[in-house]
Amino acid sequence: MSKLFVVSNRVIQDGVREGGEGGLTTAVWSMLKDLHGSWIGWSGSVSDDESVQLKMASGVAIYTTDMSDRAYEKNYCGFANACLWPLFHERLDLVRYDESDFSSYMDYNRRIAMVLSELAQPEDLIWVHDYHFLPLAQICRDLGMNQRIGFFLHTPFPPPSVISALPNHWQSMKTLLSYSLVGVQSGFDAENLQSYLRQQSDGNKASEPLVAAFPISIDTRGVISSALACTGSSDFGSETKRSSVRIFSADRMDYSKGFINRILAYDQFLSKRSDPCPDIQYCLVAPDSRENISEYRNHKSEVMLLLLEVQQRWRDDYENCIEMINQPVAPEPLLAMMRASQVGFIAPLRDGMNLVAKEYIAAQNPVDPGVLIVSKFCGAGRELPRAGLIAVNPHDISEMARALEEAVVMPRTERVRRHRLLMSHLLEYDVKWWARSYLKSLQAESCLSMSDTSVTV
Ligand code: ADP
Ligand code: G6P
């Protein structure tokens, strides 16, 4: 019987979600609890200890290993998060390319490939996640591994002209050709990747891996029941929320998330309100992320400064019109906050999917739901039915300010109609759908050469 091995840099330590680990772990954890596979990744610790630790949680075997000081600095804080991350989010101004970072990135990939080669049997299925591991399959092939190896990119894949700005772009990206299937979040990302690969391989289709969009999703039924179970447990508000106005955002403190523009839009929304509501509040839950990377620290300072300015501007009119919780919140209280707010304001500048947008919808009370404002430049904004949301350009402050006004005055019947539309989509396309459809495609490919591989999906 074959097993499923998932590789990602971040894993859920001890099987407990603390909050703020990001969407990859949220989705992979939901999937693995269901499929009972194995998960390989970073322990979160920095040391020279190369041993592999195994912990069992909810039927999932979680294998972790530490990262050396050098790998942390040059691989994680360097090539992965100061080069590939800004590149994939179209922030060329922030891309820092350094050859020695790339070589550390390759070394770390070799180390994880060795761990994988010792654990995976020939009949197993391997699913590698995210930009930390572009070359993993190629290294596995060099080690003589013949398993079917799939890849999924959680970030956007930008247009070829952006990718080409990376000094060693083809050296980095051609490694994707060793995967049997490359999954991305949307048709937009798939088109960009395919056209980049075509351009680089002179239109030689034979060398292209199978590229397809599999929009990642949430455990919709699980979110509904958790949100229901914690109704009333949030001091942020209660089920009867119409006497006050609560606008809500939750995202890692990352420059791709568009915090500055969201705060500016909220400020403009307040200044344009003809009907002041004294009990209005915008709450941003934004835990620190990648704080050892200077671009993240600079971005946080900028956000905090703007927040203070807006707080001071409105302090005579409102008691506490904008608040930031700069720390992770555990999943249940976070859902309770979502449920107690009238508006989910999710406006990343670029984002692979943004699972918070989906969680916000699933957390709502169906008879008095909130309204989702979502960026057009994230997977959720591209995938969810447009008629159910208010889609905005996250660079257009005035449009976002108008969207906030539209959302807070929207009649209940219209909110219910929109919510139903979004929910029927999320119930059908949930995280199980995502995992099954991806793994079926990977297996279908594998059937051509490995008919005995059958992970139950
Ligand atoms: P990303 O993967 O870039 O962080 P997503 O929106 O796809 O963005 O996923 C974020 C995940 O982390 C979601 O499951 C969300 O519930 C969780 N999350 C986001 N913000 C917070 C927070 N402040 N505290 C705890 N969990 C959070
Ligand atoms: C995004 C990335 C993930 C990453 C997560 C949290 O979701 O796609 O790969 O794990 O952010 O970032 P971190 O650097 O803390 O793992």
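Residues numbered from 1 in each chain as written. Chains lettered and ligands numbered in written order. Predicted model: local features only at pLDDT ≥ 70, side-chain atom pairs only at ≥ 80, totals over all residues.

## Quick notes on the domain arrangement of the chain
A common way to express how large an interface is: the accessible area buried when the components associate.
And then number 1: Examined at the domain level, the chain breaks down into domain 1 (4-217 + 430-444) and domain 2 (220-428).
And then number 2: Once you take the C-alpha centre of each, domain 1 and domain 2 turn out to be 29 Å apart.
And then number 3: Taken together, the contact pairs 26 residues of domain 1 with 25 residues of domain 2.
And then number 4: Listed by contribution, the elements that provide at least two residues to the side of domain 1 that touches domain 2 are α1 (23-35) and α2 (69-88).
And then number 5: Considering only residue class, the side of domain 1 that touches domain 2 consists of nine nonpolar, 12 polar and five charged. (Domains from an automatic or database assignment. Contact = placed C-beta atoms within 7 Å. Helix = DSSP H or I, 4+ residues; strand = E, 2+ residues; numbered from the N terminus. Nonpolar A, V, L, I, M, F, W, Y, C, P; charged D, E, K, R; others polar.)

## Section: the site of ligand 1
And then number 1: What surrounds ligand 1 is a group of 19 residues, the closest being Gly19, Gly22, Gly23, Thr26 and Leu355.
And then number 2: Grouping the constituent residues of the shell around ligand 1 by class yields 10 nonpolar, six polar and three charged. (Near = placed C-beta within 6 Å.)

## Comments concerning the sheet that holds strand β5 (residues 125-129)
Two orientations exist for strands paired in a sheet by backbone hydrogen bonds: parallel and antiparallel.
And then number 1: Read from one edge of the open sheet, eight strands run β3-β4-β2-β1-β5-β6-β7-β8, paired in mixed fashion. Each end of this open sheet is capped by a strand with a single partner; those strands are β3 (53-57) and β8 (210-213). If you compare each strand with its neighbour and ignore which way they point, the axes differ by 25 degrees on average.
And then number 2: Sheet topology note: the strand β1 (residues 4-10)/β5 ladder contains four bridges and is parallel. Counted as the bridge partner of Leu4 is Leu125 from β5. (Pairing = 2+ DSSP bridges. Axes fitted to C-alpha atoms, helices over the stretch in contact; angles between N-to-C directions.)

## With respect to the site of ligand 2
And then number 1: Around ligand 2, the neighbouring residues are Asn9, Arg10, Glu21, Gly22, Gly23, Leu24, Asp130, His154, Thr155, Ser289 and Arg290.
And then number 2: By residue class, the composition of the shell around ligand 2 is one nonpolar, six polar and four charged.

## Details of the pairing of strand β12 (residues 343-346)
The two faces of a sheet get side chains in turn, since along a regular strand they alternate between them.
And then number 1: Residues Val343 and Phe345 of β12 are buried on one face, and the alternating residues Gly344 and Ile346, pointing to the opposite face, are buried as well.
And then number 2: The pairing of strand β9 (residues 245-250) with β12 spans two bridges and is classified as parallel. Considered in β12, the bridge of Ile247 is made with Val343.
And then number 3: In this sheet, strand β13 (residues 371-375) lies alongside β12 in parallel orientation, the contact comprising four bridges. (Buried ≥ 20, exposed ≤ 12 C-beta atoms within 10 Å, placed from the backbone.)

## Section: the confidence of the model for the chain
And then number 1: For the chain, per-residue confidence averages 92 on the pLDDT scale, and residues scoring 70 or more make up 93% of the total.
And then number 2: Scored below 50 in pLDDT, residues 237-241 shows 12 contacts in the model against residues more than four places distant or in partner chains.
And then number 3: Of the regions scoring below 50 in pLDDT, residues 446-457 engages in 21 contacts with residues more than four places distant in sequence or in other chains. (pLDDT = per-residue confidence, 0-100.)

## A closer look at unusual backbone geometry
And then number 1: Positive phi, close to 50 degrees, is recorded for Ser58, a residue that is not glycine.
And then number 2: Within the fold, Ser58 resides in the loop between β3 and β4 (60-67).
And then number 3: You can call Ser58 exposed: it has 12 C-beta atoms within 10 Å.
And then number 4: Here Arg290, not a glycine, exhibits a phi torsion of approximately 50 degrees, which is positive.
And then number 5: Relative to the helices and strands, Arg290 resides in the loop between β10 (280-285) and α10 (294-313).

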